[in-house]
Amino acid sequence: MEKEKIKEKIKKVVWFLLNPRLLLCVGIAWLITNGWSYILLGIGTWLDIRWMIAVAGAYLAFLWFPFSPEKIATFAISLALLKWLFPNDQKTLAVLREWHGKAVGAFRRGKAKRAAKKNKNETEK
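Values in this document were obtained by computation on a predicted structure and should not be read as measured data.

Asker: What is the right way to look at the packing of aromatic side chains in this model?
Answerer: Working definition: an aromatic ring pair is given by the centre-to-centre distance plus the angle between the planes. Under the criterion given, the structure shown has four aromatic pairs. With a centroid separation of 5.8 Å and an interplanar angle of 15 degrees, the aromatic rings of Trp 30 and Tyr 38 are classed as stacked. Pairing Tyr 59 with Phe 62 gives two aromatic rings, centres 6.2 Å apart and planes at 45 degrees, and the pair type is tilted. Remark: Phe 62 and Tyr 59 occur in helix 3 (residues 50–63); sequence separation between them is three residues, near one turn of the helix. The partly exposed category is assigned to Tyr 59, whose relative accessible area is 24%. Grouped by ring-pair contacts, the aromatic residues Trp 36, Tyr 59 and Phe 62 constitute a single cluster.

In structure tokens:
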């Protein structure tokens, strides 16, 4: 029975990630956050324009920094685009709402556990 639940969750995640509408929105968001720098680097290298190479190289160096917020920004932009471009795609939006609810619930449970542990430690003192 556990295997069935795991298979169902994997199927749901794969369906969500390979949704053509979401892929289009992720592609557009990637072009907004990253793609322009790769294009600029290619054009700058091809035409030997130093300032294009410098700007694109500096931004790409920032993107490869481990703590770059670019992935979060790309995902946020893609979700906003999905809601804006495809407001009637209720299946994908329902999955997002479900996952958001689970994340908020897990965060609240963790916060409550930390608060209970803190109160317990304070009362023992």
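Asker: Would you explain the nonpolar core in this entry?
Answerer: As a rule of thumb, soluble globular proteins bury nonpolar side chains together. Counting ten residues, the largest nonpolar core consists of Phe 16, Leu 22, Cys 25, Ala 29, Leu 79, Leu 81, Leu 82, Leu 93, Val 95 and Leu 96. Elements with a minimum of two residues in this core: helix 2 (20–47), helix 4 (70–85) and helix 5 (90–124). Non-local contacts of Phe 16, meaning those with residues more than four positions away in its chain, are made with Leu 22, Thr 92, Val 95, Leu 96 and Trp 99.

Asker: Sorry if this is basic, but what is going on with the environment of Ile 72 here?
Answerer: For Ile 72, the location among the structural elements is in helix 4. Looking at Ile 72, the relative accessible area reads 65%, which means it is exposed. For the pair Ile 72 and Gln 90, spaced 18 residues apart in the sequence, the C-alpha separation amounts to 23 Å.

Asker: Is there a simple way to think about a nonpolar patch on the surface in this case?
Answerer: A contiguous nonpolar patch, built from Trp 30, Leu 31, Tyr 38, Ile 39, Ile 43, Trp 46, Leu 47 and Trp 64 and spanning about 940 Å² of accessible area, is present on the exposed surface. Position of Leu 31 among the secondary structure elements: in helix 2.

Conventions used here
Residues numbered from 1 in each chain as written. Predicted model: local features only at pLDDT ≥ 70, side-chain atom pairs only at ≥ 80, totals over all residues. Heavy atoms only, no water. Phe/Tyr/Trp six-rings, centres within 6.5 Å; stacked < 30°, edge-to-face > 60°. Helix = DSSP H or I, 4+ residues; strand = E, 2+ residues; numbered from the N terminus. Buried < 20%, exposed > 50% of the residue type's maximum accessible area, 1.4 Å probe, protein only. Core = buried A, V, L, I, M, F, W, Y, C linked by side-chain atoms within 4.5 Å. Contact = heavy atoms within 4.5 Å. Patch = residues over 30% accessible without salt bridge, like charges linked within 9 Å, V, L, I, M, F, W, Y side chains within 5 Å. Areas by Shrake-Rupley, 256 points an atom, 1.4 Å probe, with all protein chains shown as cover. Salt bridge = Lys/Arg side-chain N within 4 Å of Asp/Glu carboxyl O.

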